[in-house]
2 protein chains.
Amino acid sequence: MKPKPTSECPAAQEITSRIESVQLRMQAQGLDYYLCHDPANIFYLTNFSNFVHERPFIVLVPASGNLTFLMPKLEEPHVRTQSVGNIELLHYFEFPAPEGEMWFDRLQDILQPNHRVGVESLCPFAVVEAIPGERVATDIVDDVRMIKSEYEIGRIAYTCELLNQGHKLLLSEARPGQMPILMHKEVSTHLMQKLLMDNPNTNVLNSKFNAACQPPQMSHDPHNFGDLFATIVEGGPHVTVVQGLANGYGAELERTFFVGHVPEAAKKPFNDMLDARALAYDLAVPGACMSEVDRRVNDLLKSRGYAENLLHRTGHSFGVTDHEAPFLAEGYQHEVQPGMVFSIEPAIYLPGTGGFRFSDTVLITETGNLKLTDAPETLEDLTLDIAQMVETEND
Amino acid sequence: MKPKPTSECPAAQEITSRIESVQLRMQAQGLDYYLCHDPANIFYLTNFSNFVHERPFIVLVPASGNLTFLMPKLEEPHVRTQSVGNIELLHYFEFPAPEGEMWFDRLQDILQPNHRVGVESLCPFAVVEAIPGERVATDIVDDVRMIKSEYEIGRIAYTCELLNQGHKLLLSEARPGQMPILMHKEVSTHLMQKLLMDNPNTNVLNSKFNAACQPPQMSHDPHNFGDLFATIVEGGPHVTVVQGLANGYGAELERTFFVGHVPEAAKKPFNDMLDARALAYDLAVPGACMSEVDRRVNDLLKSRGYAENLLHRTGHSFGVTDHEAPFLAEGYQHEVQPGMVFSIEPAIYLPGTGGFRFSDTVLITETGNLKLTDAPETLEDLTLDIAQMVETEND
């Protein structure tokens, strides 16, 4: 059964239950406080997101009771307006500030030398150094984020619905000579407008959409968006990337497509990619080891002769970001569990021929997995008809 | 004399001279290596910028000789294409990866337990922990970045020229009932197109423009962009924000304006803000103490009765970001020097009346300072004529 998409803010109960999960893990690790600096973790625990420059925002989670939120004075009204749940607010005037009035002075009003404090492994060194007591690098909030609640699955499903529309629009704009940068503008503007119409309270600072398309001369190099004037051409493989954050929840949808015809050299790698993808869907089910999923998918691709043509792991996760842990990656020894949401995107990159990749946003269910994104999947459906394009242009 | 604007990539000599300045400071601090993780510092030393997700990019600066750049394999062609100067490339396959093949394993191919290594104070804890030898928190690259070269001043001057055009366009679009979100779309799209026409090699991943305008009901709260459907109204104060990064170099331009008439309650604070601003320009000259500049500006505003209406420092700096050190801020005991580039933006925020702020991007010269941005400055020029607006609409 498909989850029900929503773009609404979380209820207080949703936030409380996240904090309780964090506190349960803190107790197991004997922590008095957990310090969050990552804006994604702060958003997860408070529903607040805004500009972050050099002025630190810090959330302190005690072993029990309410969060304390330390912020620049400038932001206090926004934290009051946006945040969900009971939060103690604490501010510093500015960064930098005179002695005794810096952000770390306020931090030390709460954290004491006898406290054992958990911190994110990516927390800035200077923030870690400002903790007076014992510091333990442990990614508790990131760990809790790995399993999505029903509400969160609804939020991700909503983002996926937008991306489905965006991808359809992107493919409908594809024609020889078209510049992907113009398609990007049209699709991303459309998605942002749709989001704002669906939910006028959207936080645009936590929303963004990308809709890219790599023509065959660069699709073998997946992060290459360097030539802005490269155009769609006859043939392929072209690779699409439609991804983003809708009011704070991320997803992605990617396809390989052709214009008019499929070059001979592209047929086998396209089908081999589909085989690897089918295997990944078979393997990414509850109880599987993430490292093993990636290893077996890579082994299949290597056995078909692509050992030198792999550039990345099988998948990453989504949630309050568009790229996060856990990972379907060799060396990552964790268990696939219901409520996780992965990209599944094994890919082949052939210099001189192009790139072969589909990516979907996929929910792990109790019994298997469920694609939340939707776009054409067969070579036939992904070979666009040029005659049709011209017709559309003359409409 | 106004600096000559440029949007070109840096020459090898420019990059070499930055690295030499870093190495000179490293030698003074007895460091064998300096580790950069901040994408802005990496861009400054290599001209490379791209997507950064959870896969670390790390630049190691040795006490003498060429940089080593550690990156995910996926990005190696982009580092090769974009980077300027002689760089040793080192890659890891993926994050996460099997034991012995993680990014930190490669790091330890170079850094040894007997090395003394400098790191940025904002470097993630996990990266600092991966350094086998002695670690010293020291912001050497940030410190070198504070004084801009002639080339960099030209780059910032170019960004300022774009913002000048954007601000003019923004004011020309202002009329009662107009939604700032539509003005944002028009201005930011215009600036991005102009940038791409001026320099087709622009790195769009390191370019962005914002053009916001806060109507009086929210302009007392400077980071409040929460109500997307709030419109321009008769009267004021409205506060504009036109800022961005053009191919990697930042600047900003902000004004307070009125539509049709100036409410009585707005006249005195507008003039008091102008007085504080004039004082800041008098004080922000070579040899001044940054803390003192802010203190004296704040003292003037406090003496006029605004002690409770100050929300931020007098200024921050620009360069390869749009918000960075050094700061014109109480407690920041550093000397203003030629080649620094500050925002000068003392401001008054009156709930019920609105916000009063101008911000310009200002170069410190040998003898004083020079505004690189340009927009109207008098109450007369900033009180827009409604009759004129209607005429424009009927054009």
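For clarity, every value in this text was computed on a predicted model and none was experimentally measured. (Residues numbered from 1 in each chain as written. Chains lettered and ligands numbered in written order. Predicted model: local features only at pLDDT ≥ 70, side-chain atom pairs only at ≥ 80, totals over all residues.)

S.K.: I'd like a rundown of the overall build of chain A, residues and numbers included.
M.R.: Along the backbone of chain A there are eleven helices and 18 strands. Oriented by its inertia axes, the alpha-carbon framework of chain A measures out at about 70 × 45 × 40 Å. Across the 395 residues of chain A, 48% fall into the buried class. Here the contacts in chain A between residues at least 6 apart in sequence split such that 66% fall between residues at least 24 apart. (Helix = DSSP H or I, 4+ residues; strand = E, 2+ residues; numbered from the N terminus. Buried ≥ 20, exposed ≤ 12 C-beta atoms within 10 Å, placed from the backbone. Contact = placed C-beta atoms within 7 Å.)

S.K.: How would you sum up the relation of the copies chain B and chain A? Please name residues and give values.
M.R.: Between chain B and chain A, the superposition needs a rotation of 180° and an axial shift of 0.0 Å, giving an RMSD of 0.0 Å. Overall, the copies show the geometry of a two-fold rotation axis. Residue B:P124 of chain B places its C-alpha closer to the rotation axis than any other residue of that unit, at 2.2 Å. (Least-squares fit on C-alpha atoms with pLDDT ≥ 70 in both.)

S.K.: Give me the sheet that holds strand β6 (residues 134–137) of chain B: which residues, what numbers.
M.R.: Residues and elements named next belong to chain B. If you walk across this open sheet you meet the six strands as β4-β3-β2-β1-β5-β6, and the pairing is mixed. Only two strands of the sheet have a single partner each, and these edge strands are β4 (87–92) and β6. The average undirected angle you get between the axes of adjacent strands in this sheet is 25°. Its contacts with the sheet place helix α1 (residues 12–28) against β1 (33–36), β2 (58–62), β3 (67–72) and β5 (116–119), and it is angled at close to 65° to β2. Contacts from helix α4 (residues 103–110) reach β2, β3 and β4 within the one sheet, and its direction differs from that of β3 by about 165°. (Pairing = 2+ DSSP bridges. Axes fitted to C-alpha atoms, helices over the stretch in contact; angles between N-to-C directions.)

S.K.: Quick one: what's the story with the interface of chain B and chain A, residue by residue and with numbers?
M.R.: Each partner contributes to the interface: chain B provides 43 residues, whereas chain A provides 44 residues. Sorting the residues of the side of chain B that touches chain A by element identifies α3 (76–82) and α5 (125–129) of chain B as the ones contributing at least two each. Residues of the side of chain B that touches chain A, tallied by class, amount to 24 nonpolar, eleven polar and eight charged. (Nonpolar A, V, L, I, M, F, W, Y, C, P; charged D, E, K, R; others polar.)

S.K.: Can you lay out the sheet that holds strand β2 (residues 58–62) of chain A for me, pointing to particular residues and giving the numbers?
M.R.: Residues and elements named next belong to chain A. Pairing is mixed in the open sheet, where six strands are placed in the order β4-β3-β2-β1-β5-β6. Only two strands of the sheet have a single partner each, and these edge strands are β4 (87–92) and β6 (134–137). Ignoring strand direction, the axes of neighbouring strands in this sheet form an average angle of 25°. Bridge count for strand β1 (residues 33–36) against β2 is four bridges, and the pairing is antiparallel. Counterpart to Y34 in the pairing with β2 is V61. Where helix α4 (residues 103–110) meets the sheet, it contacts β2, β3 (67–72) and β4, and its direction lies at approximately 165° from that of β3.

S.K.: Residue-level account of the packing of helix α9 (residues 264–283) of chain A against helix α10 (residues 290–303) of chain A, with values.
M.R.: All names here are of chain A. The interhelical angle for the contact between α9 and α10, taken along N-to-C directions, is 160°, at an axis separation of 9 Å. Viewed along their axes, α9 and α10 adopt a mutual orientation that is roughly antiparallel. Classified by chirality, the crossing of α10 by α9 is right-handed. On the side of α9, the interface is formed by D272, D275, A276, L279, A280 and L283, while α10 contributes V293, R296, V297, L300 and L301. When its residues are assigned to classes, the contact of α9 with α10 shows eight nonpolar, no polar and three charged. (Parallel < 35°, antiparallel > 145°, perpendicular 65-115°, else oblique. Left-handed = near helix turned anticlockwise from the far one by under 90°.)

S.K.: For the domain arrangement of chain A, give the residues involved together with the corresponding values.
M.R.: Many structure descriptions define interface size as the accessible area lost when the parts assemble. Residues and elements named next belong to chain A. Assigned domains of chain A: these are domain 1 (12–145) and domain 2 (150–394). Using C-alpha coordinates to define each centre, domain 1 is positioned 34 Å away from domain 2. Facing the nine residues of domain 1 at the interface are nine residues of domain 2. When residues of the side of domain 1 that touches domain 2 are traced back to their parent elements, those giving at least two are α2 (39–46) and α6 (140–145). Residue contributions to the side of domain 1 that touches domain 2 peak at three residues, all from α2. When the residues that make up the side of domain 1 that touches domain 2 are grouped by side-chain class, the tally is four nonpolar, two polar and three charged. (Domains from an automatic or database assignment.)

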